[in-house]
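Survey of secondary and tertiary structure
Listed here are the chains, written in short residue letters.
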Amino acid sequence: MLEELNKKAAKVGLHVADAKKPKKYSIRKVKNGKLVAKNVDADEALKIIKKYK
């Protein structure tokens, strides 16, 4: 799941990583490393990625 999210996120300039909590992800901007969202599940991560398009 992480690889799929990262492929979609890379197209809009974001990076997805595993969070400390299981089945949760954190999203950062590639350009400056600023945190966009943390401790979000896969569905929320997809919504955020779509919002940045």
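Here, the structure is the one placed above.
Residues numbered from 1 in each chain as written. Predicted model: local features only at pLDDT ≥ 70, side-chain atom pairs only at ≥ 80, totals over all residues. Heavy atoms only, no water.

Looking now at the nonpolar core. In globular proteins that are soluble, nonpolar side chains generally tend to be buried together. Of all hydrophobic cores here, the largest spans twelve residues; its members are Leu5, Ala9, Leu14, Val16, Tyr25, Ile27, Ala37, Val40, Ala42, Ala45, Ile48 and Ile49. Of all the elements, helix α2 (residues 42-51) adds the most residues to this core, at four residues. (Core = buried A, V, L, I, M, F, W, Y, C linked by side-chain atoms within 4.5 Å. Buried < 20%, exposed > 50% of the residue type's maximum accessible area, 1.4 Å probe, protein only. Helix = DSSP H or I, 4+ residues; strand = E, 2+ residues; numbered from the N terminus.)

Here the focus is α2. Residues Ala42, Ala45, Ile48 and Ile49 constitute the buried set of α2. Projection of α2 onto a plane perpendicular to its axis shows the buried side chains occupying an angular sector of 120°, all on one side. Across α2 from its buried face, at more than 90 degrees, point the exposed residues Asp43, Lys47, Lys50 and Lys51. (Arc of directions from axis to C-beta.)

What follows concerns unusual backbone geometry. One non-glycine residue, Lys23, adopts positive backbone phi at about 65°. Of note, Asn39 is a non-glycine position whose phi angle comes to about 55°, a positive value. The topology assignment puts Asn39 in strand β3 (residues 35-40). For Asn39, a relative accessible area of 29% puts it in the partly exposed group.

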